[in-house]
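# Residue-level structure breakdown
What follows is the residue order along each chain.
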Amino acid sequence: MENMIVDNAKVMSKGQITLPKEIRDKLGLSAGDRVTLICEGDQVVMMNAAVYAMKMLQKGMEGQSNMVGLDTEEAIDELVAEVRDEVEGL
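Note that this is a predicted model, so its numbers are computed, not measured.

### What about the overall build of the protein?
The number of helices and strands found in the protein is 4 helices and 2 strands. Reading the protein from its N terminus to its C terminus gives the helix and strand order α-β-β-α-α-α. In terms of overall size, the protein is more extended than a compact globule, its C-alpha atoms giving a radius of gyration of 20 Å where 90 residues would be expected to give roughly 12 Å. Counting only C-alpha atoms and orienting by the principal axes, one finds that the protein spans roughly 55 × 30 × 25 Å. In the protein, which comprises 90 residues, the proportion classed as buried is 11%.

### Side note on the confidence of the model for the protein
Confidence along the protein averages 90 in pLDDT terms, with 99% of residues attaining 70 or more. Confidence, expressed as mean pLDDT per element, reaches its minimum in the protein at helix 3 (residues 64–67) with 82 and its maximum at strand 1 (residues 35–40) with 95.

### Quick look at the pattern of salt bridges
As a working rule, side chains carrying opposite charge can pair if their charged atoms are close by. Under the counting rule described, the total for this entry stands at 1 salt bridge. Where Lys-21 meets Asp-25, a salt bridge forms, and the shortest distance between an N and an O atom there is 2.9 Å. Here Lys-21 and its partner Asp-25 are both found in helix 1 (residues 21–27), 4 residues apart, which amounts to about one turn of the helix. With relative accessibility at 53%, the residue Lys-21 sits in the exposed group.

### Considering the pairing of strand 1
Of the strand pairs in this sheet, strand 1 and strand 2 (residues 43–48) are connected by 6 bridges, and their pairing is antiparallel. If you follow Glu-40 over to strand 2, its bridge partner there is Gln-43. In sequence, strand 1 turns back onto strand 2 through a hairpin of 2 residues, with Gly-41 there showing a positive phi of about 60°.

### Quick word on helix 2 (residues 49–61)
At 3.6 residues per turn, the α-helix brings residues three or four places apart onto the same side. Compared with the 18 Å implied by 1.5 Å per residue over 13 residues, the 18 Å span of helix 2 between its first and last C-alpha is a close match. For helix 2, the side-chain oxygen to backbone nitrogen distance between the N-cap and Ala-50 is 2.9 Å, and the N-cap itself is Asn-48.

Calculation notes
Residues numbered from 1 in each chain as written. Predicted model: local features only at pLDDT ≥ 70, side-chain atom pairs only at ≥ 80, totals over all residues. Heavy atoms only, no water. Helix = DSSP H or I, 4+ residues; strand = E, 2+ residues; numbered from the N terminus. Rg over C-alpha atoms; globule rule 2.2 N^0.38 Å. Buried < 20%, exposed > 50% of the residue type's maximum accessible area, 1.4 Å probe, protein only. pLDDT = per-residue confidence, 0-100. Salt bridge = Lys/Arg side-chain N within 4 Å of Asp/Glu carboxyl O. Pairing = 2+ DSSP bridges. Expected span 1.5 Å × (residues − 1). Polar contact = N/O pair within 3.5 Å; in protein donor to acceptor, adjacent residues only side chain to side chain.

Below you can see the structure in the form of structure tokens.
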């Protein structure tokens, strides 16, 4: 379990905690950022909400490129070029 950070935080009366700086830095969190909490059994996993959303999008899109014929880098490059041409032509 490399790069594991173990720290403690006190739960305040309104259920709030202060995340230790080392953990905020590791998750790339700044004031105002949101986190996603995933509770499984007696453990909670906390992730940067933006990172979690991107992972869920990637998981949901897995395999979709092959289904529409984007199965090579060349096909993807061609699609990107087509979209750029359309956007620039507007």
